[in-house]
Amino acid sequence: MLLTTVWVLIQMPPVQNWLIDKVTSRLSKDLRTKIEIGRIDLSLFNKLNLQQVLIQDRQKDTILSAGEITVNITDWFFFKKDVELQYIGLRDAYIHLQRQDSVWHHQFLLDYFSTPASPKKKKDGINLALREVDLKNIRVKQQDGWIGQDMTLSLASLNTVSRNVDFKKKIIEINSLNINQPYFALRDYDGKRPPRKLETVPKPIVTDTSKIDVNDNKWKILVSELSLRNGTFKNDNESRPLDPIAFDGKHIEFSKIYGDFRNVKWEMDTITASIKLQTKERSGFEVKHLIADAKFTPHEMTFENLDIRTNDSHLSNYFSMRFDRFSDMSDFEEKVRMEGRFDNTEINSDDIAYFAPDLKTWKKRIKLSGNVKGPVSSLIGKNLDIRAGANTYFLGDASITGLPEINSTYLDIKANEFRTIYTDATAFIPPLKRITNPDLSKLGFVMFTGNFAGFINDFVTYGTIQTGLGTVKADLNLKLQNPAYPVYSGTVSTESLNLGPLLKTEDLGYISLNATLKGAGFKPNSGNIALDARIKYIDYNKYRYQNITLDGELNKRIFDGSVIINDPNAILSLNGLVDFSEKVPAFNFIANIDTLNLYNTQLLKENLAFSGRVNAEFSGNTIDDFLGDANISNASLSRNGFPLSFDSLSINSTTTDSTKHLRVASNEFSVDVDGVFKIRDLPNSVTTFLSRYYPAYIKPPGVAVPQQSFNFDIKTGNFDEFAIIIDSSLKGFSNSRITGGINTAANQLFLDVNVPYFKFRQFDFSNIDIDAAGTYDSLTLYGSASNISVTDSLKIQLATFNIKAHNDVSEVRVFTGTGNSKALDQARLNAVVNTYSNGVGIRFNPSSFILNGKTWTIEDKGELEFRKNAPAHGLLVLKESTQEIRIETMPSDVGSWNDAAITLKGINLGDIGPYLLPRNRLEGLIDAHVLIENPGKNMKISSRDFVGRGSGWIMILSATWRRM
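So, here is what we can say about the structure in this document.

1. Quick look at the overall build of the chain
Along the backbone of the chain there are ten helices and 55 strands. Counting over 964 residues, the chain shows a buried share of 42%. Long-range contacts, defined here as pairs at least 24 residues apart, represent 45% of the contacts in the chain between residues at least 6 apart. In the form shown here, the chain has an accessible surface area of approximately 53,400 Å², with 55% of it arising from carbon and sulfur atoms.

Below you can see the structure in the form of structure tokens.
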């Protein structure tokens, strides 16, 4: 009866709560902490329900706080051997484990409830099974300040329905496991545990892979379906601040994790499953879906039959991550060893940029096939087929060490074939954009076969490079740490490379060479290069020079070395120095020229060949600032294969105070210039004077002309052969002298010319003397010539002329005299010539000339005017007795120039015949009206009433002549 009464009382909730209050009070007192249970509902046969459970540590911090703990068990379980936990529930639970030294705050609880192991042999225990676990709003926090690691675990709910749970056989078979909003976070920091003392002889570290880190009780867990919704995983390492713009292996955060797992098997330390997963990392990197047959161990994550889609990438086939311990994920780039076998994988460079921010500018879609192994910091690729767009691809092997810092990443690449274009190359290697000379964009495409080893900014390459400009074989080391000053060394060879577009010069063409070089910088002003080259050929100025040896050093625009050319049209050697480093370049060299054909090498249009020795020591950009000496000796010069009289040439230029002395001399001519002058400004100086005399026809210079004051003296010897070089229509000018000077400040110009003989086309002149003097206001010119030959029949033994020019008006006086009956006996011509921008007008004062013993006169104020696109007027009458010639200008009906109408009356053929047709027997008189239309290239001469009369004959003729 007493037992029954006690049993009934224990079943009553008030009694249960009174008993639990006594128990918790006693435990609190014994443990010196606070332990509370707000309410208990207990059935001795199958049920336990605890509410408002609280356990504190001795520092009054919470160890456990639970809203409700429920356990349902097999009815009358204490009479049974097979017991089933039908339901375990936990609501609103918070577990907090912490320590700041080597002892956990909850250790006193473990010590209190632990009992010594019984030495007696245990009987077979109860076989316990589990049916359902239901957790809601659970949070576990472990703070280990001693070693420096915090762990947080929470979930909104967890529900599992088991098929078979056998604690004795250690088997758990679960039909379904649903986890909602799980959160798992690790944070590593510097703990308070002092550093361990290093032993004198450190023991080698050996990883015992046979040791099982988890599931050491050898449970076998099978889950048919596992669902994970809206999970989060964080791993922070306080050793460095967060990188806010990229994936940071020290601060990983994957959120919105959704996963479906099928056929999950956990046996020993290995978990396998078929998974479908999606998540997003803090950096913005997103796994839209990950489908695979997965395997997880304490040292490995492997995904077979893999299909991953990220922000804009698609990976397939196989991927594995291996590590010594899971905490290595906090140092992902260094300690997580990856292995991938990829087939037709597509990767967007924007996705790679999350892990290597320097690649943000690539903007490329990359297709990948091949095998990749290693951590991010040391990747090795084999049998790679990488394609970036339509223009860039790579076939071969590669290793990459140093990511994610792209500038300190070491590349070792064996390219069976690598092809790219300039725009892609500058996206991969941005410093290339800053190299403007050579112009790498002109290469078009680049195809490389060979090896590449080094960093993005410092590498060695060996192989064959095919480009749009030609093929190059190279063994080079190129350093681009300073893009404006690259450093390079090695060997280069090419059979045919179009050098002109690459170096931005139209004068250069193709080149074939073998060269060894070492230098720094490509810019002429700052670069230096030592070069030993054998040039098979090079195109320059539309000529291909062959067999060139170049050995020297170009340092900041200073070349010191030798050049040897053995070309069919240029055989020479040059040794010395050329210095372009200063504003005014300096030259100091000796050249031996065996043969130089100036025509075949396109240097001159005349067929000239030269040989000789050149010894030069001077400075200057042009002849204007030329200072020093240049001498040609032992020289020979030939034209069209015939030798010219030339064996030396010397150029000397000096300055005294502000006066310059320039002398150019050979055995055939000499030129001396003294004063203050610039030869390049001489044409403008002359034009300035001439524009004052003929402003309508000659425009003043478009630039300001500096003041000049100089005298010149030109003398020639046997110059006849050299005149042809100036103009093929010229001959003569031997033993001539031309002196003169200009003083722009004093407003003076003078010229004195003495030429014994010269010929221009069919015209011959002898004993030419010209004296000219002028100011900006006017020019006066006196001259004479003898033995002037116009045709075989028309010769002038003496002619003098006087011209005064001012503001487009020229007063011209010409006198000729002769004793030859078949020539122009005498002429006195006086005229005023007006120069217009579109033509010329001539007004004659009384003039006359004697022809065949007869005196012809030109009437006073006779005038002719020829102008383009302007009305014309003018009439000129020439008379001799009954003979008359009338010339009249008039507007044209067809052309842009004025026409000329000529009327002939009673012209005696016997007087003019000897000048037209030598040894003719023309006699008689002619009358005619002749019209000259559109004088110029399309001139037309016509006559419709040409009448000739003679003794016993009359001729009437209508004729037209065109000049096309």
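2. Re the environment of glycine 576
As for its position among the elements, glycine 576 is in strand S29 (residues 570–579). Distance in space between the C-alpha atoms of glycine 576 and aspartate 560 is 5.8 Å, their sequence separation being 16 residues. What glycine 576 contacts, discounting residues up to four positions off in sequence, is Phe559, Asp560, Gly561, Asn588 and Phe589.

3. Considering the side chain of threonine 461
Looking at where threonine 461 falls in the secondary structure, it is placed in strand S22 (residues 458–467). At 3.3 Å, the side chain of threonine 461 and the backbone oxygen of asparagine 451 are in polar contact. Leaving out residues up to four positions away in the same chain, threonine 461 has contacts with Phe448, Asn451, Phe452, Ala474, Asp475 and Leu476.

4. Observations concerning the pairing of strand S21 (residues 445–455)
In this sheet, S21 lies alongside strand S20 (residues 410–421) in antiparallel orientation, the contact comprising ten bridges. From the neighbouring strand, isoleucine 421 faces S21, where its bridge partner is phenylalanine 445. Two elements, S21 and S22, share ten bridges in a ladder whose sense is antiparallel. Among the inter-strand pairings, methionine 447 is bridged to a residue of S22, identified as glutamine 466.

5. Digging into the pattern of salt bridges
Summed over the entire model, instances satisfying the criterion amount to 22 salt bridges. Lysine 265 is the salt-bridge partner of glutamate 267, the closest N and O atoms lying 3.3 Å from each other. The exposure class of glutamate 267 is partly exposed, given its relative accessible area of 34%. As a salt-bridge pair, arginine 544 and aspartate 539 come within 2.7 Å of each other at their nearest N and O atoms. For arginine 544, a relative accessible area of 36% translates into the label partly exposed. The buried category is assigned to aspartate 539, whose relative accessible area is 13%. Residues joined in a network through salt bridges with shared partners are Glu300, Arg322, Glu339 and Arg341.

6. Let's talk about the nonpolar core
Ranked by size, the top nonpolar core spans 159 residues in total, and within it Leu290, Phe303 and Phe332 carry the most contacts. Beyond its immediate chain neighbours, meaning those up to four positions away, phenylalanine 303 contacts Ile275, Leu290, Ala292, Asp293, Ala294, Phe296, Asn317, Tyr318 and Phe319. Leu878, Ile887, Ile902 and Val930 belong to the second-largest nonpolar core, a separate cluster that totals 21 residues.

7. Brief notes about the environment of asparagine 718
Relative to the helices and strands, asparagine 718 is located in the loop between strand S37 (709–716) and helix H9 (720–726). For asparagine 718, a relative accessible area of 42% translates into the label partly exposed. Through-space distance from the C-alpha of asparagine 718 to that of glycine 732 is 8.5 Å; in sequence the pair is 14 residues apart. In contact with asparagine 718, other than residues within four places in its own chain, are Glu668 and Ser734.

8. Description of the packing of aromatic side chains
Aromatic rings in a pair are described by how distant their centres are and how their planes are angled relative to each other. A full pass over the atoms with the stated rule returns 17 aromatic pairs. Here tyrosine 410 and phenylalanine 455 contribute two aromatic rings whose centre-to-centre distance is 5.3 Å and whose plane-to-plane angle is 80°, an arrangement assigned as edge-to-face. You can see tyrosine 410 sitting in strand S20 and its partner phenylalanine 455 sitting in strand S21, a full 45 residues away along the chain. Accessibility expressed as a relative area gives 33% for tyrosine 410, which makes it partly exposed. Accessibility expressed as a relative area gives 31% for phenylalanine 455, which makes it partly exposed. An angle of 25° between the planes, with centres 4.8 Å apart, marks the rings of phenylalanine 587 and phenylalanine 618 as stacked. Taken together, the residues phenylalanine 587 in strand S30 (residues 586–597) and phenylalanine 618 in strand S31 (residues 608–619) connect sequence positions 31 residues apart. Owing to a relative accessible area of 15%, phenylalanine 587 belongs among the buried residues under this scheme. Accessibility expressed as a relative area gives 16% for phenylalanine 618, which makes it buried. Across the ring face of tyrosine 393, the terminal group of arginine 387 is positioned such that the distance to the ring centre comes to 5.1 Å.

9. Some thoughts on the environment of leucine 502
Within the secondary structure, leucine 502 is located in helix H7 (residues 499–503). Separated by 60 residues in sequence, leucine 502 and lysine 442 place their C-alpha atoms 6.0 Å apart. Setting aside chain neighbours within four positions, we find leucine 502 in contact with Asn437, Pro438, Asp439, Leu440, Leu443 and Leu469.

10. Quick look at unusual backbone geometry
One non-glycine residue with positive phi stands out, namely lysine 60, at about 65°. Following the sequence through the fold, lysine 60 ends up in the loop between strand S2 (47–56) and strand S3 (62–73). Since its relative accessible area comes to 67%, lysine 60 is described here as exposed. Within the chain, asparagine 305 stands out as a residue other than glycine whose phi angle is a positive 50°. Within the element layout of this structure, asparagine 305 appears in strand S14 (residues 300–310). Note on asparagine 305: relative accessible area 56%, which makes it exposed.

What counts and what doesn't
- Residues numbered from 1 in each chain as written.
- Predicted model: local features only at pLDDT ≥ 70, side-chain atom pairs only at ≥ 80, totals over all residues.
- Heavy atoms only, no water.
- Helix = DSSP H or I, 4+ residues; strand = E, 2+ residues; numbered from the N terminus.
- Buried < 20%, exposed > 50% of the residue type's maximum accessible area, 1.4 Å probe, protein only.
- Contact = heavy atoms within 4.5 Å.
- Areas by Shrake-Rupley, 256 points an atom, 1.4 Å probe, with all protein chains shown as cover.
- Polar contact = N/O pair within 3.5 Å; in protein donor to acceptor, adjacent residues only side chain to side chain.
- Pairing = 2+ DSSP bridges.
- Salt bridge = Lys/Arg side-chain N within 4 Å of Asp/Glu carboxyl O.
- Core = buried A, V, L, I, M, F, W, Y, C linked by side-chain atoms within 4.5 Å.
- Phe/Tyr/Trp six-rings, centres within 6.5 Å; stacked < 30°, edge-to-face > 60°.
- Lys NZ or Arg CZ within 6 Å of the ring centre and 35° of its normal.

Geometry only, nothing functional implied.
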